[in-house]
Amino acid sequence: NAGVTQTPKFQVLKTGQSMTLQCAQDMNHEYMSWYRQDPGMGLRLIHYSVGAGITDQGEVPNGYNVSRSTTEDFPLRLLSAAPSQTSVYFCASSIGQGVGHNEQFFGPGTRLTVL
Amino acid sequence: AQSVAQPEDQVNVAEGNPLTVKCTYSVSGNPYLFWYVQYPNRGLQFLLKYITGDNLVKGSYGFEAEFNKSQTSFHLKKPSALVSDSALYFCAVTGEGSSNTGKLIFGQGTTLQVKP
């Protein structure tokens, strides 16, 4: 199993550009999530999904969209990038529809810089 | 609202000495608590979790954590630190119940530095 994969590893955008961060998992996990990691802030939940066709907002959803058309994929879209979105983005997945009991498996991250 | 506090930005310990990384939490209902570790330029890796039962939970790489309900704490411990334990450690919490589904809240992280 490849686990959780993310592409690209690095990305530089100009303010106002759009892009999609890709995330895929091959473990048949129901739950998937996106976090951003900023120095001194820990990880903050952006959006999450408890199954195909179901998404919900986390702590910091503004400026980001998600969709979950398949169990395997959970892309994160930035519609109009802003410098405040410069961060490292992590995708994670876990068994079941919640995180109450189950460990999350994290991808390697995407380092995004918005100029 | 759920919250997690890791009061120390950095913990320094000599190799072979015991280590403690502190975590306190606030959550409605019974807590589900986790520790994750992040090595440089890597994603997070699961270390251990507390769901219910024995207050002392054991995890990967010789780490353990003690759940203390009265002090709302979940400190990470290891009896004898290794230089290879040097990394960034995150405590995370969610709560029992449907309102908490999907909402795992992380602390800001504690850098552990183990010196030879």
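Our subject is the structure listed above.
First, a word on scope: everything that follows refers to the structure included in this document. In this text the structure is predicted, and so the values were computed from the model without any measurement.

### Focus on the nonpolar core
- Core analysis: the biggest nonpolar cluster contains 28 residues, and B:Trp35, B:Leu47, B:Leu48, B:Phe74, B:Leu76 and B:Tyr89 have the highest contact counts within it.
- The set of elements that each furnish at least two residues to this core consists of strand E2 (10-14), strand E3 (19-21), strand E5 (31-38), strand E6 (44-50), strand E8 (64-68), strand E9 (73-78), strand E10 (87-95) and strand E12 (110-115) of chain B.
- At four residues, the largest contribution of residues to this core is made by E10(B).
- The residues touching B:Leu48, leaving out its near neighbours within four places in the chain, are B:Leu33, B:Phe34, B:Trp35, B:Val57, B:Lys58, B:Gly59, B:Phe63, B:Glu64, B:Ala65, B:Phe74 and B:Leu76.
- Listed in part, the 20 residues of the second largest apolar core include A:Tyr35, A:Tyr48, B:Phe90 and B:Phe106.

### Digging into the pattern of salt bridges
- Applying the stated criterion across every chain yields a total of five salt bridges over all chains.
- A salt bridge links A:Arg44 to A:Asp38; the nearest nitrogen and oxygen atoms lie 2.8 Å apart.
- By relative accessible area, A:Asp38 is classed as buried at 11%.
- For the salt bridge of B:Lys58 with B:Glu64, the shortest nitrogen-to-oxygen distance reads 2.9 Å.
- Classification of B:Glu64 by relative accessible area gives buried; the value is 18%.
- Several salt bridges share partner residues, and in doing so they unite A:Arg36, A:Asp38 and A:Arg44 into one network.

### Regarding unusual backbone geometry
- Cis geometry is found at the peptide bond from A:Thr7 to A:Pro8, where omega equals -5°.
- By the element assignment, A:Pro8 lies in the loop between strand E1 (4-7) and strand E2 (10-13).
- In this structure, B:Asn41 is a non-glycine residue whose phi angle is positive, near 60°.
- Topologically, B:Asn41 is positioned in the loop between E5 and E6.
- Of note, the phi angle at B:Tyr61 is positive, near 60°, even though the residue is not glycine.
- Summarising the element assignment, B:Tyr61 is placed in the loop between strand E7 (56-58) and E8.

### A word on the pairing of E8(B)
All names here are of chain B.
- Bridge count between E7 and E8: three bridges; the pairing is antiparallel. Following the sheet pairing, Val57 is matched in E8 by Ala65.
- Taken together, E7 and the strand that follows it, E8, pair antiparallel across an intervening segment of five residues, in which Tyr61 is found at a positive phi of about 60°.
- In the sheet, E8 pairs with E9 via five bridges, with the strands oriented antiparallel. Note on E9: the bridge partner recorded for Glu64 is Lys77.

### Notes on the interface of chain B and chain A
- Contact with chain B, which involves 22 residues of that partner, is made by 24 residues of chain A.
- A combined buried area of about 1700 Å² lies between chain B and chain A, and 59% of that area is made up of carbon and sulfur atoms.
- At the junction of chain B and chain A, the tally comes to two residue pairs in polar contact (both at pLDDT 80 or more).
- Residue assignment for the side of chain B that touches chain A shows that the elements contributing at least two residues are E5, E6, E10 and strand E11 (105-106) of chain B.
- Its residues placed into classes, the side of chain B that touches chain A shows eleven nonpolar, eight polar and three charged.

Calculation notes
- Per chain, residue numbering runs from 1 following the sequence as it is written.
- Lettering for chains starts from A, numbering for ligands starts from 1, and both go in the order in which the items are written.
- Residues qualify for local features only when their pLDDT is at least 70, as the model is predicted, and side-chain atom pairs are given and counted only at 80 or more; totals for whole chains, interfaces and linings, by contrast, use all residues.
- By convention in this description, side-chain values take in all heavy atoms of the structure and omit both hydrogens and water.
- Take the buried Ala, Val, Leu, Ile, Met, Phe, Trp, Tyr and Cys residues and link them wherever side-chain atoms come within 4.5 Å; each set so joined is a nonpolar core.
- Only protein chains enter the accessibility calculation, which uses a 1.4 Å probe. A residue is then buried if its area is under 20% of the maximum for its type, exposed if over 50%, and partly exposed in between.
- A run of H or I in DSSP counts as a helix once it spans at least four residues, and a run of E counts as a strand once it spans at least two, with each numbered from the N terminus.
- Any two residues whose heavy atoms approach within 4.5 Å are treated as being in contact.
- Any carboxyl oxygen of Asp or Glu within 4 Å of a side-chain nitrogen of Lys or Arg constitutes a salt bridge here.
- Only strands that DSSP links by at least two bridges are regarded as paired with each other.
- Summed over both partners, buried area is the accessible surface (1.4 Å probe) that two parts give up on being assembled.
- Any pair of nitrogen or oxygen atoms within 3.5 Å is treated as a polar contact; in protein, a donor-acceptor pairing is required on top of that, and neighbouring residues in sequence qualify only through side-chain atoms on both sides.
- For this classification, the nonpolar set comprises Ala, Val, Leu, Ile, Met, Phe, Trp, Tyr, Cys and Pro, the charged set comprises Asp, Glu, Lys and Arg, and every other residue, Gly included, is treated as polar.

Don't take any of this as a statement about function, it's just geometry.
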